[in-house]
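# Summary of the model geometry
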Amino acid sequence: MRAFDPNGAGIVVTGAGGGIGAALAEALAAAGARVVVADIDAAGVARTVDAIAAAGGDAHAAPGDAASETGVAALVATARERLGAIDAWFANAGVLRGEGLDAREADWELSWQVNVLAHVRAARLLVPEWVRAGRGRFVVTASAAGLLTMLGAPAYSVTKHGAVAFAEWLSATYRHRGVVVQAICPQGVQTRILDESGPLKPLLTHDAVLTPEDVARQTLAALDGDELLILPHPEVRGYYRARADDTDRWLTAMNGIRQRLDGAAGIAEAG
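Keep in mind that what you see is a predicted model, and the values were worked out from it rather than measured.

What counts and how
- Residues numbered from 1 in each chain as written.
- Predicted model: local features only at pLDDT ≥ 70, side-chain atom pairs only at ≥ 80, totals over all residues.
- Heavy atoms only, no water.
- Helix = DSSP H or I, 4+ residues; strand = E, 2+ residues; numbered from the N terminus.
- Rg over C-alpha atoms; globule rule 2.2 N^0.38 Å.
- Buried < 20%, exposed > 50% of the residue type's maximum accessible area, 1.4 Å probe, protein only.
- Contact = heavy atoms within 4.5 Å.
- Areas by Shrake-Rupley, 256 points an atom, 1.4 Å probe, with all protein chains shown as cover.
- Expected span 1.5 Å × (residues − 1).
- Arc of directions from axis to C-beta.
- Pairing = 2+ DSSP bridges.
- Phe/Tyr/Trp six-rings, centres within 6.5 Å; stacked < 30°, edge-to-face > 60°.
- Lys NZ or Arg CZ within 6 Å of the ring centre and 35° of its normal.
- Core = buried A, V, L, I, M, F, W, Y, C linked by side-chain atoms within 4.5 Å.
- Right-handed = clockwise from strand over helix to strand, strands pointing away.

Helices and strands together make up the secondary structure of the protein chain, namely 10 helices and 7 strands. Relative to the globule expectation of 18 Å for 271 residues, the C-alpha radius of gyration of the protein chain, 19 Å, shows essentially globular dimensions. If you line up the protein chain on its principal axes, its C-alpha atoms span 60 × 40 × 35 Å. Out of the 271 residues belonging to the protein chain, those deemed buried represent 49%. Expressed as a percentage of contacts within the protein chain between residues at least 6 apart in sequence, the contacts between residues at least 24 apart total 68%. Summing over all exposed atoms, the protein chain offers an accessible surface of approximately 12500 Å²; the carbon and sulfur share of this is 54%.

Listed below in structure tokens is the structure:
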């Protein structure tokens, strides 16, 4: 079991303008890390950096695109300039776009770019250096949707599955070379994505709704080891096992939930 000590480490957190990303950046800085705060939301980046500075932490602002090939390359270059070596990369940026089969091509394209390809592009630039050094850590904020599914949100579900699959591939390929890969897979968290989940919100809040700070605390605790899955909601492990043990039974149960949601929507429309 390989532990990671944030104290003194150079760490990049994407999607850190708010929500889980901001909480991760603040928690890592409080643990002594030197953090590059990245987000397309420049105002959010400034808020996070200011909060870290007010607490006596070390943070550098890197507003901009952290998903495109040029954007990721620019962020890596900026981080290396500010930090020297990048010891860990927290690929936290994510989007939830589109509903059902009506999700537009643009919704799917943006979801692939941010939720999957951003991770691939960062890993291409980071992993060779980590292999040479014999150490490095890549932490992906996926979702319980990446282990199970999210009814009504196919682009989100499919791309979060892709994020988990890429994390698995990285771990299987490079763990013997010192590269540790982890995937954070929460359910309902008090973030913008939950606020924008519409009719799916009751499903996402069936189990406890955590704060971003709850997720950050559990993630930092998980850095003491190298297990792939970080599950802030312990119920997810049981759901994941049930899905693997009897996939058709699990799908039948999920379809039952879908029918109840459809029924509730019909009642609301009739009212």
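With that out of the way, let us pick up helix α2 (residues 42-54). Relative to the 18 Å expected for 13 residues at 1.5 Å per residue, α2 spans 18 Å between its end C-alpha atoms, a close match to the ideal helical length. Along α2, the residues that are buried comprise Gly44, Val45, Thr48, Val49 and Ile52. For α2, the angular spread of the buried residues around the axis is 130°, confining them to a single face. Along α2, the residues that are exposed and aim more than 90 degrees away from the buried face are Arg47, Asp50 and Ala54. On its buried face, α2 is in contact with α1 (19-30), β2 (34-39) and β3 (58-63). Of the residues flanking the end of α2, it is Gly56, one or two places downstream, whose phi is positive at about 85°.

Time to look at the sheet that holds strand β7 (residues 229-230). In a beta sheet, neighbouring strands are held together by backbone hydrogen bonds and run either parallel or antiparallel to one another. One open sheet holds the 7 strands; their spatial order is β3-β2-β1-β4-β5-β6-β7, and the pairing between them is parallel. Bordering the open sheet on either side are β3 and β7, each of which pairs with just one other strand.

The next point concerns the packing of aromatic side chains. Enumeration according to the criterion identifies 3 aromatic pairs in this entry. Seen in terms of ring centroids, Phe166 and Trp169 are 6.1 Å apart; in terms of plane orientation they differ by 15°. Their pairing is stacked. Residue Phe166 and its partner Trp169 are located together in helix α5 (residues 154-174), separated by 3 residues, close to a single helical turn. In this structure Trp169 comes out as partly exposed when scored by relative accessible area, which is 47%. The ring of Trp250 has Arg243 sitting right over it, with the charged end atom 5.6 Å from the ring centre.

Further remarks concern the nonpolar core. With 43 residues, the main nonpolar core has Val12, Leu75, Trp89, Phe138, Leu147 and Cys185 as its most contacted residues. Looking at this core, the elements with two or more residues in it are β2, α3 (69-83), β4 (88-91), α4 (105-133), β5 (136-141), α5, β6 (179-184) and α10 (247-270). Element by element, the count of residues in this core is highest for α4, at 7 residues. Setting aside residues no more than four positions away along its own chain, Leu147 makes contact with His161, Val164, Cys185, Leu229, Leu231, Val236, Tyr240 and Arg243.

A separate point is the pairing of β2. Each regular strand shows side chains that alternate between the opposite faces of the sheet. Most of β2 sits out of view: 5 of its 6 residues are buried. Both strand β1 (residues 10-13) and β2 contribute to a ladder of 4 bridges, which runs parallel. Bridge assignment links Val12 to a residue of β2, and that residue is Val36. Each parallel crossover has a hand, and the one from β1 via α1 to β2 is right-handed. Two strands pair when backbone bridges link them, and β2 and β3 are joined in this way by 6 bridges, in the parallel orientation.

Worth remembering: the numbers are spatial, not functional.
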